[in-house]
Amino acid sequence: MKIKKAVIPAAGLGTRVLPASKAMPKEMLSIVDKPAIQYIVEEAAKSGIEDILIITSRGKTTVEDHFDRSPELEKRLLDAGKIDVYNQIVDITKLANITYTRQHEVKGLGHAILCAKAFVGDEPFAVLYGDDVILGENPVCKQLCDAYEKYGLGVVGIKEVTLEQIQKYSSMKLEALGEKQYKITDMIEKPRPEQVFSLFSILGRCVLPPRIFSILESIPYGYGGELQLTDAMKVLAQEEGMIGVDFDGRRYDMGSKLGILEAIVEVGLSHPETGEGFRKYLKTIVDQL
Ligand code: UTP
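Residues numbered from 1 in each chain as written. Predicted model: local features only at pLDDT ≥ 70, side-chain atom pairs only at ≥ 80, totals over all residues. Heavy atoms only, no water.

A. Quick peek at helix α7 (residues 140-151). Here α7 is 12 residues long and its end C-alpha atoms lie 17 Å apart, about the 16 Å a rise of 1.5 Å per residue gives. For α7, the set of buried residues is Val140, Cys141, Gln143, Leu144, Cys145, Ala147 and Tyr148. (Helix = DSSP H or I, 4+ residues; strand = E, 2+ residues; numbered from the N terminus. Expected span 1.5 Å × (residues − 1). Buried < 20%, exposed > 50% of the residue type's maximum accessible area, 1.4 Å probe, protein only.)

And the structure:
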């Protein structure tokens, strides 16, 4: 079954990137010339997703404005003959059919996904975390959708991380299936060192069957008093198994200060407008490091 719907949870408080995220959603923080969430919507669109639901919360209306038409600005650009920028601005609004829903209380990623129940209905759907930008030739969302079509099981994007990092993320119990593909039978959110199954963690993307909603409605609130998506996926993994795809792509955690810097440096170096000048500049300061 082709995956046509995606949910982008973008309602979190972004406490790790304060004060930047106090009045500006972290999902709107810019990587050179585009906000993080635009890269994510572009990835979904390139993966064949047609309908996107963005989960927002108080103070996130700039996300909606970004994907909306802007007649006054468009007219100004046209009158000034700035056709390239005009096209870029209008193209943003054509990427996908985007709708929004508010998470009234920020009670965790699982709670945010539950807000998408009516939108999703009875079909599998992709989830792209609103602060995880992943760049590469083959969109990661597409890599996961392909695995869902192949196996008919929920899919998570995974990567190996360090023992220190895994305690802040999730740990997968898995066995190899094929090249870069794994069967996952159990998982744990924010494990203590003795609870770690493996150093593979879910990073930013999954494709889920609609069964996830009834699980989310039945499980208790977990780590940090939040309804954890990982706790619901754990039930799914134990019930029928899930698939882990060790994806191709470079991930930037826009919810962390270092992740934002890495994204800006790497995208800035490969950007056609800034690449050359930025490389020259970096060379001048690199000797002083
Ligand atoms: P994070 O856990 O990274 O976001 O969630 P956070 O809670 O904003 O982070 P910190 O720890 O306070 O810095 C991953 C994605 O899920 C969304 C976030 O906006 C982010 O894009 N999210 C998280 C929600 O939509 N709702 C929530 O209740 C929690």
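B. Layout of the nonpolar core. Ile37, Ile52 and Ile54 are the most contacted members of the largest nonpolar core, which totals 46 residues. When residues no more than four places from it in sequence are discounted, the contact partners of Ile54 are Ile8, Ala10, Ile37, Val41, Val63, Phe67, Ile98, Thr99, Tyr100 and Thr101. Val127, Val156, Met233 and Ala237 belong to the second largest nonpolar core, which has 34 residues in total. (Core = buried A, V, L, I, M, F, W, Y, C linked by side-chain atoms within 4.5 Å. Contact = heavy atoms within 4.5 Å.)

C. Broad picture of the sheet that holds strand β9 (residues 170-178). A sheet is described by the order of its strands in space; here nine strands give the open sequence β5-β4-β1-β6-β11-β8-β12-β10-β9, paired in mixed fashion. What marks the edges here is a single partner per strand, and that holds for β5 (97-102) and β9. Each adjacent strand pair in this sheet contributes to an overall mean axis angle of 30°, direction not counted. As judged from the five bridges shared by strand β8 (residues 155-160) and strand β11 (residues 200-208), these two strands associate in the antiparallel manner. (Pairing = 2+ DSSP bridges. Axes fitted to C-alpha atoms, helices over the stretch in contact; angles between N-to-C directions.)

D. Region of interest: the layout of surface pockets. Within this model, the largest pocket holds a volume of roughly 1,500 Å³. What lines the largest pocket is a set of 48 residues, among which Arg16, Asp131, Tyr169, Arg251 and Asp253 lie closest to the centre. Contributing elements (two or more residues each) for the lining of the largest pocket: α5 (109-114), β8, β11, α10 (229-240), β13 (250-253) and α11 (257-270). Per-class residue counts for the lining of the largest pocket are 17 nonpolar, 15 polar and 16 charged. (1 Å grid on protein atoms, 1.4 Å probe; cavity = no way out; pocket = protein on both sides within 12 Å on 5 of 7 lines; lining within 4 Å. Points joined across faces, edges and corners; volume = space filled by probe spheres on them. Nonpolar A, V, L, I, M, F, W, Y, C, P; charged D, E, K, R; others polar.)

E. Representation of the site of the ligand. As a structural note, the neighbourhood of the ligand is formed by 18 residues, with Gly12, Thr15, Glu27, Gln103 and Gly108 the closest of them. Gly14 is positioned such that a nitrogen or oxygen atom in its backbone is 2.8 Å from an oxygen atom of the ligand. Here an oxygen atom of the ligand and a side-chain polar atom of Lys26 are 2.9 Å apart. Protein chains shield 85% of the accessible area of the ligand, which is 580 Å² for the free molecule. Given that more than half its atoms are within 2 Å of the pocket grid, the ligand belongs to the largest pocket. Its residues assigned to classes, the shell around the ligand shows seven nonpolar, six polar and five charged. (Near = heavy atom within 4 Å. Polar contact = N/O pair within 3.5 Å; in protein donor to acceptor, adjacent residues only side chain to side chain. Areas by Shrake-Rupley, 256 points an atom, 1.4 Å probe, with all protein chains shown as cover. Sits in = over half its atoms within 2 Å of the grid points.)

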